[in-house]
Amino acid sequence: MIDKKSGSAGGLSVETVLTHGGRAPDEQFGFVNTPVYRGSTVLFKTLDDLDAQQQRFLYGRAGNPTTESVEAVITELEGAHKTRLVPSGLAAVTIALMSCLRAGDDVLITDSAYEPTRAFADGFLQKMGVTARYYDPRIGVGLTSLMQPNTKAVLAESPGSLTFEIQDIPALAKAAHASGARLIVDNSWASPLYLQPLRLGADLVVHAATKMFVGHSDAFAGTISANEESWADVERTRRLLGFFTSGDDAFLVARGLRTLAIRMKEHQERALEIARWLEAQPEVTSVLHPALPSHPDHAIFKRDFTGSGSLFAFTLAPAPRASVAAFVDHLQIFSMGYSWGGYESLCLPVKLGKNRTAKPWTAEGNLFRVHIGLEGVDDLKADLAAAIERYARAR
Ligand SMILES: *Cc1c(COP(=O)(O)O)cnc(C)c1O
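Because the structure is a prediction, the values reported are computed rather than measured.

Enquirer: An account of the site of the ligand is needed here, citing residue identities and associated values.
Expert: Near the ligand, the surroundings consist of 14 residues, among which Gly89, Leu90, Asp186, Thr210 and Lys211 are the closest. Residue Gly89 places a main-chain N or O atom 2.8 Å away from an oxygen atom belonging to the ligand. A distance of 2.5 Å separates an oxygen atom of the ligand from a polar atom in the side chain of Thr210. Burial of the ligand by the protein amounts to 93% of the accessible area it has alone, namely 380 Å². Here the ligand occupies the largest pocket. Here the residues of the shell around the ligand sort into six nonpolar, five polar and three charged.

As structure tokens, this is what we get:
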């Protein structure tokens, strides 16, 4: 039940955890929300207190009630041992990786990984003496054949946030564990509402809280959740590196989480409606949305996920750059920009290029990624229909 002193909402439905979890009104003079705590110094009353180090808070960099209000909710939803809020989704990925790896180790990363994840592995981990290799996102049990004695981490992102391959997490977990490696899953797309990787065998789960958790395109944050065995390494790595999230940003994440369930439901329905509609439009050669029966990984999606996110992609028949420009330059409702997860719809032309090495992207035509926001669905369709027409005309 809900504990108004600790904010624990254990054992209740997802919607109730989101609305009541992490809130402790009895500790905040009855106010509904945990306020923004700003503070570096935490005071000790006596030398005994200082020596004992038993206070709930010792120094602001290790967290405060506002950051904890977020961590409690994500821990509950992911079925994790613990969670830490960090300054960005990318920081969540980098801390998670560093918590598993040391010089001489090897890491296997899905070829579909978020681009900056790849840049970190190639540009930083390699420099620190860790080899980074990439694997076909659809490799499943085949991962076993790539494992080396020094492979200490496997990173999955399901689905990939540009190409939407669904990964077989139980199979990857089994292969990783058989060689003593940990499985990290970037779960930003589904959120813990629709996928809980730890329950499928993963060891660490990261989120770009910037996206769906915040939900309004106005703050950066990330979360790392882990099982009990992996937790100490995560917390030690975060502490040694000095990562901390401000109370102001934590507050925006906490606020976003309160409405996550209804937002996800709306994003899901709209995205699916538009994905199905796109399948029937001229010029559209494929729609990459795992909840569509036409998606190659639909069976795994149905087995492991309980819902789908706001983000998917589609390809249009081959055409020169002028057609792509004609498509995106005159959009009225969709806007062009990085990120996703806010209330507003976004559309991004995608070039995979050097970012695929294990399984080069060979699909013909131009790839577009869309985040479906909360606008009227008919307005979104009309905007896309006009863009497709411009695309064809500019060829
Ligand atoms: C955006 C994103 C990240 C990084 O999050 P930031 O908060 O922008 O650093 C990580 N993984 C995925 C899948 C993302 O889409």
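Enquirer: Which residues make up the pattern of salt bridges, and what values do they have?
Expert: Applying the stated rule across the entire model yields 20 salt bridges. Where salt bridges share partners, they join Glu71, Arg84, Glu235 and Arg238 into one cluster.

Enquirer: Which residues make up helix H3 (residues 65-78), and what are the values?
Expert: If you check H3, its first and last C-alpha atoms are 20 Å apart, about what 14 residues at 1.5 Å a residue would give, namely 20 Å. When you tally the buried positions in H3, you get eleven out of 14 residues, the bulk of the element. Three or more residues of H3 are buried, namely Pro65, Thr66, Thr67, Ser69, Val70, Glu71, Val73, Ile74, Thr75, Leu77 and Glu78. In this fold, the buried residues of H3 make contact with helix H1 (14-20), strand S1 (82-86), helix H7 (191-194), strand S6 (204-207), strand S7 (222-226) and helix H9 (247-258). Here H3 starts with a cap whose side-chain oxygen sits 2.8 Å from the backbone nitrogen of Thr66, and that cap is Asn64.

Enquirer: Could you give me a rundown of the environment of Tyr114, with the residues and numbers involved?
Expert: Looking at the secondary structure, you find Tyr114 in the loop between strand S2 (106-110) and helix H5 (115-125). On the basis of relative accessibility, which here comes to 34%, the residue Tyr114 falls in the partly exposed class. In this structure Tyr114 touches Glu157 and Ser161, once residues within four positions along its chain are discounted.

Enquirer: Account for the packing of helix H12 (residues 321-329) against helix H13 (residues 377-393), with residues named and values stated.
Expert: At a closest axis distance of 8 Å, the pairing of H12 and H13 adopts a crossing angle of 155°. Comparing their axes, H13 and H12 come out roughly antiparallel. Note that H12 runs across H13; the crossing there is right-handed. Two secondary-structure elements touch here, H12 through Ser323, Val324, Ala326 and Phe327 and H13 through Leu384, Ala387, Ile388, Arg390 and Tyr391. Looking at side-chain class alone, the contact of H12 with H13 contains seven nonpolar, one polar and one charged residues.

Enquirer: Summarise the domain arrangement of the chain; cite the residues concerned and give the values.
Expert: Split by domain assignment, the chain resolves into domain 1 (14-258) and domain 2 (261-394). Taking the mean C-alpha position of each, domain 1 and domain 2 sit 27 Å from one another. Between domain 1 and domain 2, the contact holds 41 residues from the first and 41 residues from the second. Summed over both partners, the interface of domain 1 with domain 2 comes to about 3400 Å²; 60% of that surface belongs to carbon and sulfur atoms.

Enquirer: Go over the nonpolar core, please, and point to the residues and values.
Expert: Formed by 85 residues in total, the largest nonpolar core has its most connected members in Leu183, Leu257, Leu278, Phe312, Phe314, Phe327 and Phe368. Inspection of this core shows a minimum of three residues originating in each of domain 1 (14-258) and domain 2 (261-394). Apart from the residues within four sequence positions on either side, Phe314 is in contact with Leu278, Ser286, Val287, Leu288, Phe327, Asn366, Leu367, Phe368 and Val370. Counting 27 residues, the second largest nonpolar core, distinct from the first, contains Val86, Val130, Val206 and Ala226.

Scoring rules and cut-offs
Residues numbered from 1 in each chain as written. Predicted model: local features only at pLDDT ≥ 70, side-chain atom pairs only at ≥ 80, totals over all residues. Heavy atoms only, no water. Near = heavy atom within 4 Å. Polar contact = N/O pair within 3.5 Å; in protein donor to acceptor, adjacent residues only side chain to side chain. Areas by Shrake-Rupley, 256 points an atom, 1.4 Å probe, with all protein chains shown as cover. 1 Å grid on protein atoms, 1.4 Å probe; cavity = no way out; pocket = protein on both sides within 12 Å on 5 of 7 lines; lining within 4 Å. Sits in = over half its atoms within 2 Å of the grid points. Nonpolar A, V, L, I, M, F, W, Y, C, P; charged D, E, K, R; others polar. Salt bridge = Lys/Arg side-chain N within 4 Å of Asp/Glu carboxyl O. Helix = DSSP H or I, 4+ residues; strand = E, 2+ residues; numbered from the N terminus. Expected span 1.5 Å × (residues − 1). Buried < 20%, exposed > 50% of the residue type's maximum accessible area, 1.4 Å probe, protein only. Contact = heavy atoms within 4.5 Å. Axes fitted to C-alpha atoms, helices over the stretch in contact; angles between N-to-C directions. Parallel < 35°, antiparallel > 145°, perpendicular 65-115°, else oblique. Left-handed = near helix turned anticlockwise from the far one by under 90°. Domains from an automatic or database assignment. Buried area = accessible area lost by both parts, 1.4 Å probe. Core = buried A, V, L, I, M, F, W, Y, C linked by side-chain atoms within 4.5 Å.

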